[in-house]
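Chain by chain, the residues run as shown.
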Amino acid sequence: MTDHLALGPAAGRLRVVVLLSGAGSTAQAVFDAAAAPDCPFEVVAVLADRRAEGLERAAAAGIATEVVAPAEHPDRDAWNAALAARVSAHRPELVLSAGFMRILGSAYLAAHGGRTINAHPALLPAFPGAHGVRDALAHGVAVTGCTLHVVDAGTDTGPILDQRAVRVEAGDDEATLHERIKTAERELLVTTLNRIATGGVQIRDRKALWT
Ligand SMILES: Nc1nc2c(c(=O)[nH]1)N[C@@H](CN(C=O)c1ccc(C(=O)N[C@@H](CCC(=O)O)C(=O)O)cc1)CN2
Ligand SMILES: NCC(=O)N[C@@H]1O[C@H](COP(=O)([O-])[O-])[C@@H](O)[C@H]1O
């Protein structure tokens, strides 16, 4: 149980590192927001576990990018340690996992566990894991959504920072529902980064106490 954790606010612009594995269309909203001169956060680097379209989006926004691929390391622990070191090199105050499809292990969490948050395309604790949209649709829910939570050693079990609800519509398939969830995620990500950067949040006994 995380009994006490604090994120932000920042003295200057909040330094954010983004982790991703895919298209990066949700991270793109963060890149776009950070381009505003008065934005209270900045994306200092984007790291991926594979070559990913999201890295091209970051490069187009003038943001440093790196690939830290599991296949380039002898085992998962070595990869976690290497990822942690590469993230540390950018001196982040916050790490945002936005479509990062790897479970972060102890070597990473030892270095950045207190400052890493993750966007999940379901209303946790419902439908954790790599297929939240598919699982919610298969279950027949009327309402799903997205969650921004602190990353802990479990899979999508960390304290919840905030959520957005999205109704399932007649005829939805995984792609159409996920696209509507991503629209909600983009707003959730930017709003939450602004709140952390300007006021900060404390996690006390799993509850988010916003300043
Ligand atoms: N320690 C944690 N690491 C991560 C969390 C977390 O809550 N704790 N969230 C994930 C993101 N995520 C859901 O939001 C998630 C991503 C991936 C998986 C998963 O089972 N991945 C497989 C490999 C998938 C692949 O790349 O083929 C695996 O890691 O074996 C579950 C949940 C980010 N990391
Ligand atoms: N379990 C992790 C997970 O499913 N994450 C999800 O991957 C998508 C990335 O979209 P994007 O690459 O277009 O930004 C987002 O919907 C995010 O919540």
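The coordinates are above.
Note that the structure is a prediction, hence the values are computed from the model and not measured.

Definitions and limits used
Residues numbered from 1 in each chain as written. Chains lettered and ligands numbered in written order. Predicted model: local features only at pLDDT ≥ 70, side-chain atom pairs only at ≥ 80, totals over all residues. Heavy atoms only, no water. Helix = DSSP H or I, 4+ residues; strand = E, 2+ residues; numbered from the N terminus. Rg over C-alpha atoms; globule rule 2.2 N^0.38 Å. Contact = heavy atoms within 4.5 Å. Lys, Arg positive; Asp, Glu negative; His and termini not counted. Charge placed at Lys NZ, Arg CZ, Asp CG, Glu CD. Near = heavy atom within 4 Å. Polar contact = N/O pair within 3.5 Å; in protein donor to acceptor, adjacent residues only side chain to side chain. Areas by Shrake-Rupley, 256 points an atom, 1.4 Å probe, with all protein chains shown as cover. Nonpolar A, V, L, I, M, F, W, Y, C, P; charged D, E, K, R; others polar. Pairing = 2+ DSSP bridges. Axes fitted to C-alpha atoms, helices over the stretch in contact; angles between N-to-C directions. Phe/Tyr/Trp six-rings, centres within 6.5 Å; stacked < 30°, edge-to-face > 60°. Buried < 20%, exposed > 50% of the residue type's maximum accessible area, 1.4 Å probe, protein only. Left-handed = near helix turned anticlockwise from the far one by under 90°. Salt bridge = Lys/Arg side-chain N within 4 Å of Asp/Glu carboxyl O.

Caption draft 1: Main features of the overall build of the protein chain. The secondary structure content of the protein chain amounts to six helices and 10 strands. The C-alpha atoms of the protein chain give a radius of gyration of 16 Å, which matches the 17 Å a tight globule of 211 residues would have. Its C-alpha atoms put the protein chain at 45 × 40 × 35 Å along the principal axes. A separation threshold of at least 6 residues defines the contact pool for the protein chain, and within that pool the share at least 24 residues apart is 65%. Looking at charge distribution, the protein chain has the averaged site of its 20 positive side-chain charges lying 2 Å from that of its 24 negative ones.

Caption draft 2: Focus on the site of ligand 1. Around ligand 1 sit 18 residues in total, of which Arg102, Asn118, Asp152, Gly154 and Asp156 are the nearest. One nitrogen or oxygen atom from the side chain of His120 is found 2.9 Å from an oxygen atom belonging to ligand 1. A distance of 2.8 Å separates a nitrogen atom of ligand 1 from a polar atom in the backbone of Asp152. Bound to the protein, ligand 1 loses 78% of the 710 Å² it would expose on its own. Class assignment of the residues belonging to the shell around ligand 1 gives a composition of six nonpolar, seven polar and five charged.

Caption draft 3: Expanded view of the sheet that holds strand S7 (residues 143–150). If you walk across this open sheet you meet the seven strands as S4-S3-S2-S5-S6-S7-S8, and the pairing is mixed. Because the sheet does not close on itself, it has two edges, and the strands there are strand S4 (65–67) and strand S8 (160–167). Taken pair by pair, the neighbouring strands of this sheet meet at an average axis angle of 20 degrees, ignoring direction. Note that strand S2 (residues 14–20) and strand S5 (residues 94–97) share four bridges and pair parallel. Bridge pairing links Val18 to Leu96 in S5.

Caption draft 4: Focus on unusual backbone geometry. Each neighbour pair has its own omega, and for Gly8 with Pro9 the value is -10 degrees, a cis peptide bond. Structurally, Pro9 can be placed in the loop between strand S1 (5–7) and S2. Note the cis peptide between Leu124 and Pro125, where omega equals 10 degrees. In this structure, Pro125 sits in the loop between strand S6 (116–120) and helix H5 (132–139).

Caption draft 5: View of the packing of aromatic side chains. Overall, the coordinates contain one aromatic pair when judged by the stated rule. Plain terms: the ring middles of Trp79 and Phe100 are 6.2 Å apart, the flat faces sit at 15 degrees to each other, and that makes the pair stacked. Here Phe100 lies in the loop between S5 and helix H4 (106–112) and Trp79 lies in helix H3 (residues 76–88), a separation of 21 residues in the sequence. Exposure remark for Phe100: the relative accessible area of 7% places this residue in the buried category.

Caption draft 6: View of the packing of helix H1 (residues 25–34) against helix H6 (residues 174–198). Where H1 meets H6, the axes come as close as 9 Å, and the angle between the chain directions of the two elements is 40 degrees. Considering the relative orientation of H1 and H6, their crossing is right-handed. Touching Ser25, Thr26, Ala29, Val30 and Ala33 of H1 are Lys182, Glu185, Arg186, Leu189, Val190 and Leu193, all from H6. Taken together, the residues that form the contact of H1 with H6 break down as six nonpolar, two polar and three charged.

Caption draft 7: Highlighting the pattern of salt bridges. In the structure shown here, the tally under the stated rule is 11 salt bridges. Among the salt bridges present, the one from Arg86 reaches Glu66, with a minimum N-O distance of 2.6 Å. With Arg86 in helix H3 and Glu66 in strand S4, this pair connects stretches of sequence that are 20 residues apart. The exposure class of Arg86 is partly exposed, given its relative accessible area of 34%.

Function-wise, these values are silent; they only describe arrangement.
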